[in-house]
Amino acid sequence: MPSGDHTAVTAIRGAMLTFTGDPFAQPVRDVRRYESDAIVLMADGRIVDCGPAADVAARVPAGTPVTHYPNALISAGFIDAHVHYPQLPVIGAGGKPLLEWLTAYTFPAEARFGDIDYARPIAARYVAENLRNGITTAAVFGTVHRASVDALFEEAERHDLRIICGKVLMDRHAPAELLDTAERGYDEGKSLIERWHGRGRLSYAITPRFAATSTPEQLELAGTLWRETPGAYLQSHVAENADEVSWIASLYPSHARYLDVYAHHGLLGRRAVYAHGIHLDDADFESLHVSGTALAHCPTSNNFLGSGLFSLHRARSEQRPVRVGLGTDLGGGTSFSMLRTMQAASEVAHLGGHPLSPSRAWWLATRGGAEALDVDDRVGTLAPGYEADVVVLDLASTPLIEFRMRYAADIDDVLAVQFALGDDRAVRATYVAGGLAWDRDATPRM
Ligand SMILES: [Zn+2]
């Protein structure tokens, strides 16, 4: 579906929720903006006006139709800080911990992505699912093959979607058909960067899978390529699973801790995003904080693979907050829905003894995720000047939710109910760069 005519003015009306700051650092009432009846005005791909309908209505250009979404909540589009699109064909393949899961399901699935004709329909399905779930920015792993990245960027560009992606770097400990070399990984990354990085809303991420599948030489060249490429990302995994942590210790005996392996090769810093970070200690969080490195918290995946409980409370400590976004981590994760992901994050926080407020969870899925991906000056917030990536949630998407909402006490209760009971059916509409990219009620169900 095309994302619409960006030069036209688009106006939508409904309740609105957004954040102007960090609710982990400031009282939520100071940074949460909720309007029970708002208008959001979009033009040329950006939000040009938003606020109480009573105020904004007078500024809507004459003749502009206003699409009214009753019983809905307008929010900044969701941000998925970590996901593997090539794993869509193995979502839900279960019953194994991380390292066995990689060998049994993931590597065979990824092996086919050298063929762009195989990759394209999966990239198309991935982008379609993002739109159906209100995800408008994502940091995505390809496979080791260049074609995997070409297929995704082609599709993202067609929808004008803000996507960060890179080819996976692996030069050891994987099947031969999934290996590159340090040099080839660098060269292929360089040519993908020349083709895609900074084109429209696309950004390249240098993507070593994790320290076990790259030699020190490959990590070194990954750092070189990252430093050579202004605005590029570095994405990888860290401390997801106890066996993985032991394996890294045996592969890198001269490093006292897992994170030091990445630090040693110059792979920490702003626009570096590491998934999971479950088995980290306070010294690790300190170096993530100091370097500006982000973590992607992937609760459905961590639960599905039995990886462990991420301590959001420790990561977001006021003394040394680490940038954190939420990741679906599909296919290790179990849902494209950020509502389901927020619910899982809430449950994991409960299990860790530090409950997560619904407003903080919402911030993680929007503005917090944007901070983690260093795009918070562009997306993640509903305010004039921001890119017009917007999700409209139907607050009564099932009979039970409709019933329960009659008893909702306040906005936090509303959000908690949507997490607990809602899913992709709740996404009434998704706007990308100001264009209607998903309209649940207008599209025939498949
Ligand atoms: Zn992952």
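I will try to describe carefully the structure that is included in this document.

It is the contact of helix 5 (residues 146–158) with helix 6 (residues 182–196), at a shortest axis distance of 11 Å, that shows an interaxial angle of 15°. Relative to helix 6, helix 5 is oriented roughly parallel. The two elements helix 5 and helix 6 cross, and the hand of that crossing is right-handed. Residues Arg-146, Val-149, Asp-150, Phe-153, Glu-154 and Glu-157 of helix 5 lie in contact with helix 6, whose contacting residues are Glu-188, Ser-191, Leu-192, Arg-195 and Trp-196. Tallied by class, residues from the contact of helix 5 with helix 6 come to four nonpolar, one polar and six charged.

As a further point, take the coordination of the zinc ion. Binding of the zinc ion to the protein goes through His-82 (NE2), His-84 (NE2), His-237 (NE2) and Asp-329 (OD), at separations of 2.0 to 2.5 Å. Look at where the donors of the zinc ion fall in the sequence and you get H-x1-H-x152-H-x91-D. One end of the pair, His-82, is in strand 5 (residues 78–84); the other, His-237, is in strand 10 (residues 233–238), with 155 residues separating them in the sequence. Note on His-82: relative accessible area 2%, which makes it buried.

Attention shifts here to the state of the cysteines. For the structure shown, the criterion picks out zero disulfides. Residue Cys-165 stays outside any disulfide, its sulfur separated by 16 Å from that of Cys-298, the closest cysteine. The class for Cys-165 is buried, based on a relative accessible area of 0%.

All right, on to the pattern of salt bridges then. Scanning the entire structure with this criterion turns up 36 salt bridges. Residue Arg-162 pairs with Glu-387 through a salt bridge whose shortest N-O separation is 2.8 Å. Taken together, the positions of Arg-162 in strand 7 (residues 162–166) and Glu-387 in the loop between helix 15 (367–372) and strand 14 (390–394) put the pair 225 residues apart, joining distant regions of the chain. The class of Glu-387 is buried, set by a relative accessible area of 9%. Look at the salt bridges and you will find they share partners, linking Asp-394, Arg-428, Asp-439, Arg-440 and Asp-441 into a network.

The rules we used
Residues numbered from 1 in each chain as written. Predicted model: local features only at pLDDT ≥ 70, side-chain atom pairs only at ≥ 80, totals over all residues. Heavy atoms only, no water. Axes fitted to C-alpha atoms, helices over the stretch in contact; angles between N-to-C directions. Helix = DSSP H or I, 4+ residues; strand = E, 2+ residues; numbered from the N terminus. Parallel < 35°, antiparallel > 145°, perpendicular 65-115°, else oblique. Left-handed = near helix turned anticlockwise from the far one by under 90°. Contact = heavy atoms within 4.5 Å. Nonpolar A, V, L, I, M, F, W, Y, C, P; charged D, E, K, R; others polar. Donors = N, O, S within 2.8 Å, 3.2 Å for Na, K, Ca; no water. Buried < 20%, exposed > 50% of the residue type's maximum accessible area, 1.4 Å probe, protein only. Disulfide = S-S within 2.5 Å. Salt bridge = Lys/Arg side-chain N within 4 Å of Asp/Glu carboxyl O.

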